[in-house]
Amino acid sequence: MTARILDGKSIAMMLEEALAKQSAALEKRAGRKPGLFVVLVGDDPASAVYVRNKTRACARTGVNCFESILPASTSQDELLGIIDEANAREDVDGILVQLPLPAHICAEAVIDRIAPEKDVDGFHMLSAGALLTGQRTLGFRPCTPMGVMKLIEEAGVDPAGKNVLVIGRSNIVGKPLAIMLLEKHATVTIAHSRTTDLKTLARNADIIVAAAGRIGLVTGDMIKPGALVIDVGTNRKPDGKLTGDVDFAAALEVAATVTPVPGGVGPMTIAMLMKNTVESAERRLAQLP
Ligand SMILES: Nc1nc2c(c(=O)[nH]1)N[C@@H](CN(C=O)c1ccc(C(=O)N[C@@H](CCC(=O)O)C(=O)O)cc1)CN2
Ligand SMILES: [Mg+2]
């Protein structure tokens, strides 16, 4: 059996084409493009790549990108001041602070300083609460879980009644994704570093989402034949190449559908960021007197 490879890059490009039309129509009504304010602190090379990919996606989707690239020595108070300024700007619909931040800065304090109506990363406490309580008109949903849900839909799999194993319990991926899957009536198990017998849980799963950040975590013998396997991992191998958490070649032999790394979840994350930004601009325009 050779699984279908779900091409996140081309799905993301199709979504971005639709968003470009939506933002062009919005620009005609509002007299300005949607605006995204992107903050990068420090010199983490991976973060620099992700921010560059986001600014390119802004260009493709007709979103104005305002970049604030700050040295690693930036203080928390300086950063909070920059957030306050972006919160007050009329031409900024979305604000994102690229994570991780340098160790001397408290990420939670910075994220919660972002005006909730501009929290297009969906990391603010209000967005998390809205997700947990199923409110769709308040806050935003985090981009990677949104991208995973879209990939599941594109795979033609309805999560209702399915056993889904989410490996990883981060605030960015595992926890919000579990809530979104529950909303779609899946039976969700969250596995993490203290989970015993991951193999038995995985063998029972109709859908596996691997988001633990460990090369080779999901091996072929852990996958139920015919399962959908979504790989959120972005790990660097010693040769510098990017790889996921799943043994991709082995998964192809057992699963029905598998996402690749690169070219799976990553581009979907960025497309969903653009979606949230355009949605924020729509909401803010609708509230003008
Ligand atoms: N403020 C945020 N910080 C972080 C987030 C986030 O959603 N918001 N998520 C991750 C990193 N991330 C987005 O920022 C992200 C990671 C990977 C990709 C991606 O497109 N990956 C490509 C490969 C890119 C490469 O060559 O390195 C792929 O998988 O095809 C996009 C976004 C942590 N921080
Ligand atoms: Mg990917």
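Presented here is an overview of the structure given in this document. Note that the coordinates shown come from a computational prediction; the quantities given were computed from them, not determined experimentally. (Residues numbered from 1 in each chain as written. Chains lettered and ligands numbered in written order. Predicted model: local features only at pLDDT ≥ 70, side-chain atom pairs only at ≥ 80, totals over all residues.)

Broken down by element type, the chain carries 10 helices and 11 strands. Rg of the C-alpha trace for the chain: 19 Å, near the compact-globule value of 19 Å for 289 residues, within the 12% margin. A total of 289 residues make up the chain; the buried ones form 43% of that total. Contacts in the chain between residues at least 24 apart in sequence constitute 69% of all its contacts with a sequence separation of at least 6. (Helix = DSSP H or I, 4+ residues; strand = E, 2+ residues; numbered from the N terminus. Rg over C-alpha atoms; globule rule 2.2 N^0.38 Å. Buried ≥ 20, exposed ≤ 12 C-beta atoms within 10 Å, placed from the backbone. Contact = placed C-beta atoms within 7 Å.)

If you trace the 6 strands from one edge of the open sheet to the other, you get 1-11-8-7-5-6, paired in parallel fashion. Two strands lie at the open edges of the sheet, namely strand 1 (4-5) and strand 6 (187-191), each paired on one side alone. Sheet topology places strand 7 (residues 207-210) next to strand 8 (residues 228-231); 4 bridges connect them, and they run parallel. From the neighbouring strand, Val 209 faces strand 8, where its bridge partner is Ile 230. Packing against the sheet, helix 7 (residues 174-183) makes contact with strand 5 (163-167), strand 6 and strand 7, and its axis sits at approximately 170° to strand 6. (Pairing = 2+ DSSP bridges. Axes fitted to C-alpha atoms, helices over the stretch in contact; angles between N-to-C directions.)

The next point concerns the site of ligand 1. Of all residues adjacent to ligand 1, which total 20 residues, the nearest are Tyr 50, Leu 99, Pro 262, Gly 266 and Thr 269. Those elements that place two or more of their residues in the shell around ligand 1 are helix 2 (45-61), strand 4 (94-97), helix 6 (143-154) and helix 10 (265-286). Ranked by residue count, the leading element in the shell around ligand 1 is helix 10, at 4 residues. Along the lines of polarity and charge, the residues of the shell around ligand 1 split into 12 nonpolar, 7 polar and 1 charged. (Near = placed C-beta within 6 Å. Nonpolar A, V, L, I, M, F, W, Y, C, P; charged D, E, K, R; others polar.)

Within the open sheet, the 3 strands sit side by side as 3-2-4. Their pairing is parallel. In the strand order of this sheet, the two ends are held by strand 3 (64-70) and strand 4, each with one partner. Here the strands of the sheet are splayed against their neighbours by 15° on average, with no regard to which way each runs. Here strand 2 (residues 35-41) runs beside strand 4; their pairing, made up of 4 bridges, is parallel. Counted as the bridge partner of Phe 37 is Ile 95 from strand 4. Across the face of the sheet, helix 3 (residues 76-88) comes into contact with strand 2, strand 3 and strand 4 while running at roughly 175° to strand 2.

Leu 99 connects to Pro 100 through a cis peptide bond whose omega is 5°. Cis peptide bonds are those with omega within 30 degrees of zero, and the linkage from Val 261 to Pro 262 qualifies with 0°. Tracing the backbone through its elements, the reader meets Pro 262 in the loop between strand 11 (257-258) and helix 10. At Asp 197, a position not held by glycine, the phi torsion is positive, near 55°. Overall, Asp 197 belongs to the exposed group, with 9 C-beta atoms counted inside 10 Å.

Here we take up the pairing of strand 6. Of the pairings in the sheet, the one linking strand 5 to strand 6 comprises 5 bridges and is parallel in character. Counterpart to Val 166 in the pairing with strand 6 is Ile 190. As a crossover connection, the stretch from strand 5 through helix 7 into strand 6 is right-handed. (Right-handed = clockwise from strand over helix to strand, strands pointing away.)

Right, let's talk about helix 1 (residues 8-30) for a bit. Look at helix 1: 31 Å from first C-alpha to last across 23 residues, which is about the 33 Å you get at 1.5 Å a residue. Within helix 1, burial applies to Gly 8, Ala 12, Leu 15, Leu 19, Ser 23 and Leu 26. Of the surrounding elements, those touching the buried residues of helix 1 are helix 2, helix 6 and helix 10. Within two residues after helix 1, Gly 31 carries a phi angle of roughly 80°, on the positive side. (Expected span 1.5 Å × (residues − 1).)

Put simply, helix 1 and helix 10 touch, their axes get as near as 9 Å, and they point 15° apart. As the angle between them shows, helix 1 and helix 10 are arranged roughly parallel. The chirality of how helix 1 crosses helix 10 is left-handed. Counted together, Gly 8, Lys 9, Ile 11, Ala 12, Leu 15, Glu 16, Leu 19, Gln 22, Ser 23, Leu 26, Arg 29 and Ala 30 of helix 1 and Val 265, Gly 266, Pro 267, Met 268, Ile 270, Ala 271, Met 274, Lys 275, Val 278, Ala 281, Glu 282 and Leu 285 of helix 10 form the full contact between these two elements. (Parallel < 35°, antiparallel > 145°, perpendicular 65-115°, else oblique. Left-handed = near helix turned anticlockwise from the far one by under 90°.)

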